[in-house]
Amino acid sequence: MIFDVATTVTNSIFGALINDVVPTSVIGRFYGWVRIISLFVGIAFNGWLLGKAEAHFIWLFLFVGAIYGIGVVSMCLKVKEGEYPPPAASDHSKGIEIGRASCR
């Protein structure tokens, strides 16, 4: 259960960081490569390690957890906030007009 919660949280963080960090023009290509690599990793895991899960499930979970932990920590350490121009000045004194009435 802890592993599933950690996986869900990690995927949420990863998805949020993708939208913030990867340029919009290449985000589809990036998700394509992520999908290709994850499928190959899944094939390798199921082909070589899943057969050993019955006898060594604790070590297998620890290994996968360590890989997740290293990946998340390195992702958080390597991702930096970009340089953005200052926001445009806006006039908040106008209010919002709703129908004929205006809210101020």
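This text follows the structure it describes.
Since this is a predicted model, take the numbers as computed values, not measurements.

*Asks:* Which parts of the structure should I look at to understand a nonpolar patch on the surface?
*Replies:* Taken together, Trp33, Ile36, Ile37, Phe40, Val41 and Ile43 make up a surface patch of nonpolar side chains, about 660 Å² in accessible area. Checked against the element boundaries, Val41 lands in helix H2 (residues 27-49). Its relative accessible area of 52% is what places Val41 among the exposed residues.

*Asks:* Looking at this model, I keep getting lost on the packing of helix H1 (residues 2-21) against H2. Mind explaining?
*Replies:* Helix packing for two helices is described by the angle between their axes and how far apart those axes are. One can describe the packing of H1 onto H2 by two numbers: an axis separation of 11 Å at closest approach and a directional angle of 145°. Classified by chirality, the crossing of H2 by H1 is right-handed. Contacts between H1 and H2 involve Phe14, Gly15, Ile18 and Asn19 from the former and Ile27, Phe30, Tyr31 and Val34 from the latter. Tallied by class, the residues present in the contact of H1 with H2 amount to six nonpolar, two polar and no charged.

*Asks:* Explanation requested: the layout of surface pockets in the structure shown.
*Replies:* Any empty space left between atoms is shown by rolling a water-sized probe over those atoms. In this structure, the largest pocket encloses a volume near 930 Å³. Residues that form the lining of the largest pocket fall into these classes: 20 nonpolar, five polar and no charged.

Analysis parameters
- Residues numbered from 1 in each chain as written.
- Predicted model: local features only at pLDDT ≥ 70, side-chain atom pairs only at ≥ 80, totals over all residues.
- Heavy atoms only, no water.
- Patch = residues over 30% accessible without salt bridge, like charges linked within 9 Å, V, L, I, M, F, W, Y side chains within 5 Å.
- Areas by Shrake-Rupley, 256 points an atom, 1.4 Å probe, with all protein chains shown as cover.
- Salt bridge = Lys/Arg side-chain N within 4 Å of Asp/Glu carboxyl O.
- Helix = DSSP H or I, 4+ residues; strand = E, 2+ residues; numbered from the N terminus.
- Buried < 20%, exposed > 50% of the residue type's maximum accessible area, 1.4 Å probe, protein only.
- Axes fitted to C-alpha atoms, helices over the stretch in contact; angles between N-to-C directions.
- Left-handed = near helix turned anticlockwise from the far one by under 90°.
- Contact = heavy atoms within 4.5 Å.
- Nonpolar A, V, L, I, M, F, W, Y, C, P; charged D, E, K, R; others polar.
- 1 Å grid on protein atoms, 1.4 Å probe; cavity = no way out; pocket = protein on both sides within 12 Å on 5 of 7 lines; lining within 4 Å.
- Points joined across faces, edges and corners; volume = space filled by probe spheres on them.

From the geometry alone we can't say anything about function, so treat these as descriptive.
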